[in-house]
Amino acid sequence: MTRLSLRSQRLDRLGSAIFAEVAGWKREARERGIEVISLDIGSPDQPPAENIREALAAAAMKPDSYSYPGTEGTFGFRRKVAEWFKYRFNVELDPDREIVSLMGTQDGLGHLALAITDPGDAALLPDPGYPVYGAGLAVAGVEAIPLPLDAANGYLPDFEAVSEAVWRRVKFMILNYPSNPLSVTADLAFFERAVHAARKHGVLLVHDNAYSEMAFEGAKPPSVLEVPGAFDVAIEFHSLSKSFHMAGTRIGFAVGNRDILASLRALKNQIDFGVFLATQEAGIAALEQDMTAPRPVAALYERRRDAFVGALRSYGWNVPSPAATMFLWAPVPAGWTSRKFSQALLESTGVATIPGNAFGERGEGYVRLALVEPEERLREAARRVGEFMRSEDVNNFSRHAVEKSGLE
């Protein structure tokens, strides 16, 4: 009998498989007896607060929680989102037409292009940026055009540098602040410029605001919808995964332009049945807690940031201190590629990272590390990294690469 081998060509357009590759590196390291410290995936190591888990458990015991929930989300969840949005950003939302529940922001971001574009269209994506942005376009047959983010410009895009020819082709652009993987923030003045650019060129502005509650030093990142007139040209995605440690429950929401959300809702009505009702009850509890007795996770990650960055610098790796999120965006030593450094670091020390080029061409020369271990564990990771950075293998490799390039 002939064995079928079926594989869509779309899969070949999805971009880097580095996350799966790093998982393979970790497996091989463990097989060699190396204790792995996984700083590659941004999966929270803490559970949700007890009252959130209690709300989830109580709702899960209700017999009527097991019917199909409806794609748009329960009115109770959408109403609580509207209350929280008013509390957090001072922005009014219509629960019926300006909020859609999601199985995490990746759900909405991955499906958006299918709902609002046609094959052959184009969109602007941040480079470096979250890989699911490009995956959603690849599945929809939409061309991804990089929107460069460079350190010299504070990792903010220069809208004026985008040519008129490109603006005429793109249907939407994606922004993400606080940024994964760059861990930088943007102020309201930036979003005013972004809304102006979107309105001027007739494109949709899509803002991924999944890390809005994870900024440090007391900062409160804005919503793009705070900009007057933004509802005409923008939607925004939010997640409870990181802010409330609810990653496994898969719940988030999209807000903003009601016509765009109607298109997304229409697609999702055909391909899923929405978020488990008990999970939505847990989401209500999380948002209610944030408005009455907040337990911000930002403080936890700020402590971890300070411990890890301080330890890495003490061992000679001068990494930037992130302004937000749960990630460090760190330059690799001279002469190394992101992939070679990430793989060598894991093989030698057991510390797992993600090569920067997984996030786009401009990610080359960096690695991303996630603050998803307790402080003592992060200090241990820093110690291992420090020993690796001082090793002869690293120094000899770097010297050879620099000499070969003619930079000395």
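Since we're looking at a predicted model, the values are computed, not measured. (Residues numbered from 1 in each chain as written. Predicted model: local features only at pLDDT ≥ 70, side-chain atom pairs only at ≥ 80, totals over all residues. Heavy atoms only, no water.)

**A word on the overall build of the protein chain**
Right, on to step 1. When helices and strands are tallied, the protein chain shows 13 helices and 12 strands.
Right, on to step 2. The C-alpha radius of gyration computed for the protein chain amounts to 22 Å, which stays within 12% of the reference 22 Å derived for 408 residues, consistent with globular compactness.
Right, on to step 3. Overall size of the protein chain, expressed as C-alpha extent along the three principal axes, is 65 × 60 × 55 Å.
Right, on to step 4. The buried share of the protein chain, reckoned over its 408 residues, is 54%.
Right, on to step 5. Considering only contacts within the protein chain whose residues lie at least 6 apart along the sequence, 75% involve residues at least 24 apart.
Right, on to step 6. For the protein chain, the exposed surface amounts to about 18100 Å²; the carbon and sulfur share of it is 51%. (Helix = DSSP H or I, 4+ residues; strand = E, 2+ residues; numbered from the N terminus. Rg over C-alpha atoms; globule rule 2.2 N^0.38 Å. Buried < 20%, exposed > 50% of the residue type's maximum accessible area, 1.4 Å probe, protein only. Contact = heavy atoms within 4.5 Å. Areas by Shrake-Rupley, 256 points an atom, 1.4 Å probe, with all protein chains shown as cover.)

**What about the packing of helix α4 (residues 105-116) against helix α8 (residues 258-271)?**
Right, on to step 1. At a closest axis distance of 9 Å, the pairing of α4 and α8 adopts a crossing angle of 100°. When the interaxial angle is binned, α4 and α8 end up roughly perpendicular. Of the residues in α8, those touching α4 at Asp107, Gly108, His111, Leu112, Leu114, Ala115 and Ile116 are Ile260, Ser263, Leu264, Leu267, Lys268 and Ile271.
Right, on to step 2. Its residues assigned to classes, the contact of α4 with α8 shows 8 nonpolar, 3 polar and 2 charged. (Axes fitted to C-alpha atoms, helices over the stretch in contact; angles between N-to-C directions. Parallel < 35°, antiparallel > 145°, perpendicular 65-115°, else oblique. Nonpolar A, V, L, I, M, F, W, Y, C, P; charged D, E, K, R; others polar.)

**Concerning the confidence of the model for the protein chain**
Right, on to step 1. Predicted confidence across the protein chain gives a mean pLDDT of 94, with 95% of residues reaching 70 or more.
Right, on to step 2. When the criterion is pLDDT under 50, residues 400-408 qualifies, and its contacts beyond four places in sequence or with other chains add up to 5 contacts. (pLDDT = per-residue confidence, 0-100.)

**Digging into the sheet that holds strand β12 (residues 366-370)**
Right, on to step 1. In spatial order, the strands read β9-β12-β11; together these 3 strands make up an open sheet with antiparallel pairing. Strands with a single pairing partner mark the edges of an open sheet, and in this sheet they are β9 (327-331) and β11 (354-355).
Right, on to step 2. Pairing analysis gives 2 bridges linking β11 to β12, with the strands arranged antiparallel. Its bridge partner being in β12, isoleucine 354 is matched across the sheet by arginine 368. (Pairing = 2+ DSSP bridges.)

**Looking at the packing of helix α10 (residues 298-314) against helix α12 (residues 375-389)**
Right, on to step 1. At a closest axis distance of 9 Å, the pairing of α10 and α12 adopts a crossing angle of 20°. It follows that α10 is roughly parallel to α12 by the angle criterion. Taken as a pair, α10 and α12 cross one another with a handedness that is right-handed. Within the contact between the two elements, α10 uses Arg303, Arg304, Ala307, Phe308, Ala311 and Leu312 and α12 uses Glu375, Leu378, Arg379, Ala381, Ala382 and Val385.
Right, on to step 2. Considering only residue class, the contact of α10 with α12 consists of 8 nonpolar, no polar and 4 charged. (Left-handed = near helix turned anticlockwise from the far one by under 90°.)

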